[in-house]
Structure formats: structure tokens, C-alpha cells
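These are the residues of each chain, in order.
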Amino acid sequence: MTDETAKGPARESLTQILGGRRGAIDASIPPAAFVVGWLASAQSIAWGAGVAIGVAVLLGAYRLIRGDKARAVVVSLAAVVIAALIAMHTGRAEDFFLLQLFSNAASALLFAASIAVRWPLLGVIVGLLLGQKTRWRRDPALLRAYSWASGVWVLQYLLRVVVYGLLWWTGQVVALGVARTVLSWPLVAATVAVSGWVLYRSLPAEHPGLRLAKDPGAGESENGPGS
């Protein structure tokens, strides 16, 4: 028996399962385009909005050409258009980032609530990606581990809310554009890595891994996070 066999199957990283780097990078480009257009046009919100929407359309066309789903492209484009309309309606350039602020606040609340009701969203997402549906919930160790790991995602969204909120409150448009880029893929990558570490550290050493959830059977009950 080899050392690899004795240790059991290698555990794939959460990064390999989730992926999504391209989408996170692409999402940060239209906000940066808005700031560039706004600055280049002597702080014209209309020009900044036009540049952001134009860039979003070009990105959407590129995504469709490379085979991305049309629904995801439409949602991304709609988010840019709505953000632009909000800024044009209020006459405040910083309000272009208001939708992002609210969406991160909602995401933080949603992830926190999912932990509280013992349906951690990270487990739901990974379960769907692995084709497990909800079978992972019958494994108390996985349920607990996904709950702890989902907490890392709550912190990610809260960090964005704090940073975006402070910059929005003080009207720092350029800083908001920079923060939108820095807190996009780099933060997502860090969150995936840290939550993956927390996830596997929370599992017993003998646990078979994410793809092989252990069914405790009818005689055992599920334990909630932190039990």
C-alpha cells in the first residue's frame, strides 16, 4: 500500500470546484471604465455612464463569443445599466457604486441567515456544482464545516460594505473605482482560499471529502454548526 493510498484520496481545492476568476475580473472593468470616462470628461456622469455601458456591451459580446451563458451576460449588463441610471438620476457619481454596496449588504445578510437556519449557502453552491443536490446535509461533519466556511464569505461581504460605504459616504469616486477593482478578484481569490482551508480544517481527518458525504443513517441526528 502506497503512502497516497494510506492517506485516502487527495482532496480537491475549493478553488478548483468554484472557479469563476474570469467573471470576477470582468465585473470590475465597467466600474473602472465609468471612473475613467467621468474623469476624462471633466466629471460628466453621462459620459462616465456611457463609457461604462459601452464597455459592458463589448464585454458581453466577448463573453457570448467564448461560450458564456446568455443569462449571465444579460444580468451583468443590466447591473451596469441600473448603476448608471441611478447615478444619472441622483446626479452623484459615487451613486454608480450604490447598487454594489446594497448587493454586498444583501449577500452578507443572506449568507449569515443561511448559517443560522443550517442551510449554509457555500454548501448549497458546492453541492449543486458537484451534483450532490442536498445530500451533503445528511453528513453532520460537512454541515458543520460548510457553516464555518460560509462565515468567511460573510466577512468578505461585510468588508466590502464597510469600505464601499465609507468611500461612498465621503464621495470618493476614484477611490471607489480602485476599491471595486481591488475587492473584486483578489478578495474573491483570498476568500475562496481561506474558506477552503477552514472547510477542510473543520472536517475530521478520516472524512472522505466533499464528493463523498457520509450518511449517518436513521439512528444518528445532524449536529448544527459549532455543536
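The shown structure was predicted, so the numbers you read here are calculated from the model rather than taken from an experiment.

Caption draft 1: View of the packing of aromatic side chains. Taken as a whole, this structure holds 8 aromatic pairs when the rule is applied. Taken together, a centroid distance of 6.4 Å and an interplanar angle of 80° make the contact between Phe34 and Phe97 edge-to-face. Here Phe34, found in helix α4 (residues 29-40), pairs with Phe97, found in the loop between α6 (70-90) and α7 (98-116); they are 63 residues apart in sequence, far enough to count as distant. The buried category is assigned to Phe34, whose relative accessible area is 0%.

Caption draft 2: Local environment of unusual backbone geometry. Notably, Gln43 is not glycine yet its phi reads approximately 65°, a positive angle. When you line up the elements, Gln43 lands in the loop between α4 and α5 (45-65). By relative accessible area, Gln43 is classed as exposed at 53%. Its identity is not glycine, yet Lys133 carries a phi of approximately 55°, on the positive side. Relative to the elements of secondary structure, Lys133 occurs in the loop between α8 (121-129) and α9 (140-169).

Caption draft 3: Geometry of the side chain of Asp95. The residue Asp95 is located in the loop between α6 and α7 in this model. In this structure, Asp95 is in contact with Ala83, Ile86, Ala87, Thr90 and Trp168, ignoring residues within four places of it in sequence.

Caption draft 4: Here's a closer look at the pattern of salt bridges. Counted under the stated rule, the structure contains 2 salt bridges. The partner of Arg92 in a salt bridge is Glu94, and the shortest N-O contact between them spans 3.1 Å. Using a relative accessible area of 34% as the deciding quantity, one classes Arg92 as partly exposed. When its relative accessible area of 11% is taken as the criterion, Glu94 is described as buried. The partner of Asp95 in a salt bridge is Arg92, and the shortest N-O contact between them spans 3.3 Å. Salt bridges linked by common partners bring Arg92, Glu94 and Asp95 together as one network.

Caption draft 5: Layout of the nonpolar core. Of all hydrophobic cores here, the largest spans 24 residues; its most connected members are Leu122, Val126, Tyr146, Leu199, Leu203 and Leu210. Going through the elements one at a time, α7, α8, α9 and α11 (185-201) are the ones with two or more residues in this core. With 9 residues, the top contributor of residues to this core is α9.

Thresholds applied
- Residues numbered from 1 in each chain as written.
- Predicted model: local features only at pLDDT ≥ 70, side-chain atom pairs only at ≥ 80, totals over all residues.
- Heavy atoms only, no water.
- Phe/Tyr/Trp six-rings, centres within 6.5 Å; stacked < 30°, edge-to-face > 60°.
- Helix = DSSP H or I, 4+ residues; strand = E, 2+ residues; numbered from the N terminus.
- Buried < 20%, exposed > 50% of the residue type's maximum accessible area, 1.4 Å probe, protein only.
- Contact = heavy atoms within 4.5 Å.
- Salt bridge = Lys/Arg side-chain N within 4 Å of Asp/Glu carboxyl O.
- Core = buried A, V, L, I, M, F, W, Y, C linked by side-chain atoms within 4.5 Å.

Function-wise, these values are silent; they only describe arrangement.
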